[in-house]
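# Residue-level structure breakdown
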Amino acid sequence: MPTEALLHIEGGVRLRGQALVQGAKNATLPMIAASLLASEGQTILHRVPPVKDVLVALEVLRRLGAKVQYEPREGTAVIDATTVDNTRLPAELTGRLRASILFVGPLLGRFRQAQIEEVGGCTIGQRPVDFHYRGFARLGASVEGMRGGGFHVSAQALEGASMYCDVPSHTGVENLIMAASLARGESIIENAASDPEIEDFALLMAKMGARVEGIGSRTVRIQGVEKLRGAEHTVMYDRLDAGLLMMAGAITGGDIALKGVQRQHLRIFEAKLQQMGVELDEDGEWLRVRRSGPLSPINVVTTFHPGFPTDLQPCITALSCIAQGDSYIRETVFEDRFGHIKVLRAFGAKLSPEKDRLVIVHGPAQLKGCKVKALDIRAGGAAVLAGLAAEGTSTIANLYQLDRGHAFLEERLCGLGARVVRT
Ligand code: EPU
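By convention here, each chain's residues receive numbers from 1 onward along its written sequence. Per-residue local features are limited, in this predicted model, to residues with pLDDT of at least 70; the limit for side-chain atom pairs, both in listing and counting, is 80 or more; totals at the level of whole chains, interfaces and linings are taken over all residues. As a rule here, side-chain values cover all heavy atoms of the structure and leave hydrogens and water aside.

The criterion for a disulfide is a pair of cysteine sulfur atoms lying within 2.5 Å. The tally for this structure, following the rule as stated, stands at 0 disulfides. For the unlinked cysteine C315, the closest cysteine sulfur is that of C321, found at 11 Å.

Before going further, it helps to spend a moment on the domain arrangement of the protein. Note on interface size: it is often stated as the accessible area lost on association of the parts. The domain architecture assigned to the protein consists of domain 1 (7-22 + 237-422) and domain 2 (25-234). Start and end points for every domain follow an automatic or database-based domain assignment. The centre of domain 1, based on its C-alpha atoms, is set 30 Å off from the matching centre of domain 2. On the side of domain 2, 25 residues touch domain 1, which itself brings 24 residues to the contact. Buried area is a sum: the accessible area each of two parts loses on coming together, probed at 1.4 Å, counted once for each and added. Note on domain 1 versus domain 2: buried area summed over both sides is about 2300 Å², and carbon and sulfur give 54% of it. Contacts were defined at the residue level, with two residues in contact if any of their heavy atoms lie within 4.5 Å.

Take the packing of helix α8 (residues 239-251) against helix α12 (residues 377-389) next. Every axis in this analysis is a line fitted to C-alpha atoms, fitted for helices over the stretch in contact. Angles between the N-to-C directions lie between 0 and 180 degrees. Only DSSP runs of H or I covering at least 4 residues are called helices, and only runs of E covering at least 2 are called strands; the numbering of each starts at the N terminus. It is the contact of α8 with α12, at a shortest axis distance of 9 Å, that shows an interaxial angle of 20 degrees. One way to sum up the angle between α8 and α12 is to call them roughly parallel. The two elements α8 and α12 meet at a crossing, and its hand is right-handed. Contacts from L240, L244, M247, A248 and I251 of α8 reach α12 at R378, G381, L385, L388 and A389. Roughly parallel means an angle under 35 degrees; roughly antiparallel, over 145; roughly perpendicular, 65 to 115; everything else is oblique. For any pair of crossing helices, the crossing counts as left-handed if the nearer helix is rotated counterclockwise from the farther one by less than a right angle, and right-handed if it is rotated clockwise.

Taken together, the neighbourhood of the ligand is formed by 24 residues, with S169, T171, D311, V333 and R378 sitting nearest. Pairs of N or O atoms are called polar contacts if they sit within 3.5 Å, as long as, within protein, a hydrogen donor faces a hydrogen acceptor (for residues adjacent in sequence, only side-chain-to-side-chain pairs). The separation between an oxygen atom of the ligand and a polar main-chain atom of F131 is 2.8 Å. Measuring from an oxygen atom of the ligand, one finds a backbone N or O atom of V333 at 2.6 Å. Where accessible areas are quoted, they stem from the Shrake-Rupley method and a 1.4 Å probe; at the residue level, only the protein chains shown are allowed to cover. When the ligand sits alone it has 830 Å² of accessible area, and the protein chains cover 91% of it. The site holding the ligand turns out to be the largest pocket. Of all the secondary structure elements, the ones that give two or more residues to the shell around the ligand are α1 (25-34), α5 (130-138), α6 (170-181) and α12. A per-element tally of the shell around the ligand places α5 first, with 3 residues. Residue-level mapping places the shell around the ligand at the junction of two domains, with at least three residues from each of domain 1 (7-22 + 237-422) and domain 2 (25-234). Nearness is judged by heavy atoms alone; a residue qualifies as near a molecule or strand once a single heavy atom is within 4 Å of it. Using a grid of 1 Å spacing that covers the protein atoms alone, one calls a set of points a cavity when a 1.4 Å probe fits there but cannot get out, and a pocket when the set is open and has protein on both sides within 12 Å along at least five of seven lines; lining residues are those with an atom within 4 Å of a point. Each molecule is checked against the cavity or pocket grid, and it sits inside if more than half of its atoms lie within 2 Å of the grid points.

A few words now on the sheet that holds strand β9 (residues 151-154). In a beta sheet, neighbouring strands are held together by backbone hydrogen bonds and run either parallel or antiparallel to one another. Strands were regarded as paired on the criterion that DSSP finds at least two bridges between them. If you walk across this open sheet you meet the 3 strands as β7-β9-β8, and the pairing is antiparallel. Edge positions in the open sheet fall to β7 (113-116) and β8 (142-145), since each of these has one partner strand only. On average, adjacent strands in this sheet sit at an angle of 10 degrees to one another, irrespective of strand direction. With 4 bridges joining them, β7 and β9 adopt antiparallel strand pairing. The partner of I116 across the bridge, within β9, is F151. In the packing of helix α4 (residues 104-111) onto the sheet, contacts are made with β7 and β9, and the angle to β7 comes to roughly 150 degrees.

Next up on the list: the packing of aromatic side chains. Any two of the Phe, Tyr and Trp rings considered here, Trp counted by its six-membered ring, make a pair once their centres fall within 6.5 Å; the pair's planes then place it as stacked at under 30 degrees, edge-to-face at over 60, or tilted in between. Under the definition given, this model contains 3 aromatic pairs. On the numbers, 5.9 Å between centres and 80 degrees between planes, the contact of Y133 with F136 is edge-to-face. You can see Y133 and its partner F136 sitting in helix α5, 3 residues apart, about one turn around the helix. Residue exposure (1.4 Å probe, protein chains only): buried if accessible area is under 20% of the type maximum, exposed if over 50%, otherwise partly exposed. Its relative accessible area of 0% is what places F136 among the buried residues. Charges are assigned to positions over rings by a cutoff of 6 Å between ring centre and Lys NZ or Arg CZ, combined with an angular limit of 35 degrees from the ring normal. Over the aromatic face of Y237 sits the side chain of R47, whose NZ or CZ is 3.7 Å from the ring centroid. Above the ring of F408, the side-chain terminus of R73 is found at 3.9 Å from the ring centroid.

Attention now moves to the environment of I177. Residue position: I177 is located in helix α6. Along the backbone, I177 and A379 are 202 residues apart, and their C-alpha atoms lie at a distance of 30 Å. With near-sequence residues (within four places) excluded, I177 lies in contact with I189, F201, M205, V212, I215, V220 and I222.

Now for the pairing of strand β20 (residues 326-330). Residues S327 and I329 line the buried face of β20, whereas the alternating positions D326, Y328 and R330 sit on a face that is not buried. Relative to β20, strand β19 (residues 299-301) runs parallel, the two being bridged by 3 bridges. Each bridged residue has a counterpart across the sheet, and for N299 the counterpart in β20 is Y328. Whether a crossover is right-handed comes down to one check: with the strands pointing away from the viewer, does the path from the first strand over the helix to the second run clockwise; if it does, it is right-handed. With respect to chirality, the unit in which β19 leads through helix α10 (residues 313-320) into the neighbouring parallel β20 is right-handed.

The subject of this paragraph is the pattern of salt bridges. Any two side chains of opposite charge can pair, so long as their charged atoms come close to each other. Between Lys or Arg on one side and Asp or Glu on the other, a salt bridge is scored when a side-chain nitrogen of the former is within 4 Å of a carboxyl oxygen of the latter. Applying the stated criterion to the full structure yields 23 salt bridges. Across the salt bridge formed by R73 and E411, the nearest N and O atoms sit 3.1 Å from each other. With a gap of 338 residues between them, R73 in the loop between β5 (67-71) and β6 (76-80) and E411 in helix α14 (residues 409-415) connect regions that are remote in the sequence. Judged by relative accessible area, which is 55%, R73 ranks as exposed. Using a relative accessible area of 43% as the deciding quantity, one classes E411 as partly exposed. A salt bridge links E186 to R221, with the nearest nitrogen and oxygen atoms 3.5 Å apart.

Okay, structure coming up:
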């Protein structure tokens, strides 16, 4: 019987040295989906991180009939979607990642139909996809629920329309931009999300021939075009991978230098780290992150970009466990993103029961090594941080979740002097 992969961390080592931030998963995924829009030419993406979600998304493309070459170490993906001849998304793959919903918009745009049975992803709340389907319907598509779950979306023609999100939805706006780009006339998306990954994705779309304005604001306008062609683009750096590494330096009282931290996307996060007593200094392409004194407690409220990112909440909760006093962490984006509380308690951290999406972290705790599971990507990150700070050895199971979002993590942590082994 195959044994499960485990990550063993011997805690208490102050990290020192240099590490590289990976390409952004959440920018790569919509770009992989966007490659489906190209009825001519290849789409070439550089700095594609070999995280599991990306590998699954590339496999989805292959199953739809695209030709895909990808070399994980080098990070370049060459996608020829001119050969795509299937609009039915494979359930066994789409069930593994939330972002599979992103394939529906481009398939609808280019082929006027798509069928999807299941979407998976992190269990951090209900995560409905009503904004996506409502938007497709506004463009003139018929959206039919299928027996056993999933949707069949089809249209004779797509007409530009006015669409909206009740709350700014990251993948929602990307999906609607893709569908609307091949609709006739102008579309408007109101209350759009403005995350930096959307901006990067829109840069690729513009290179493909799409006409999109207002990215970064709450109102995005799209002028439909006849067709789109493949293009070449280098994916931005991953702000969440950067955040995890920065906090790894901070939680161990380390002194590390990171390349690939796009600081303009992390302002509020950086301000919080500085309030806690973490020193940040830029030296050319490198960001030095160090902590010599104790950490101060912190208040965090997650919200839509440019607010504090929900994806960094589990990790900053872990960091605040060793701060000198009570930290208040409020989650407003997802209704069920506190799974890591249980994990952190296993390390000996003191956290009040979550109430009204608020958790109070009673620091400082002396964390002790233990065995836990990576519940989702970011809760997995929190477990890694706790393990790095804990006395003794920690073991993290369910590594698939961590691998969905971070590539070569133990290699990079070991490069910083951490004692981390995967067995
Ligand atoms: N929402 C709806 N209806 C919809 C869409 C969203 O009610 O049709 C709600 C959600 O339930 C949530 C809020 O709107 O309360 C925002 O969700 P959003 O749609 O922005 O999330 P997402 O697009 O599914 C992306 C990232 C997530 C990240 C969120 C928030 C990708 C592939 N995923 O998800 O990343 O947490 O935005 O920033 O871009 C991760 O990387 O670990 C991750 C979960």
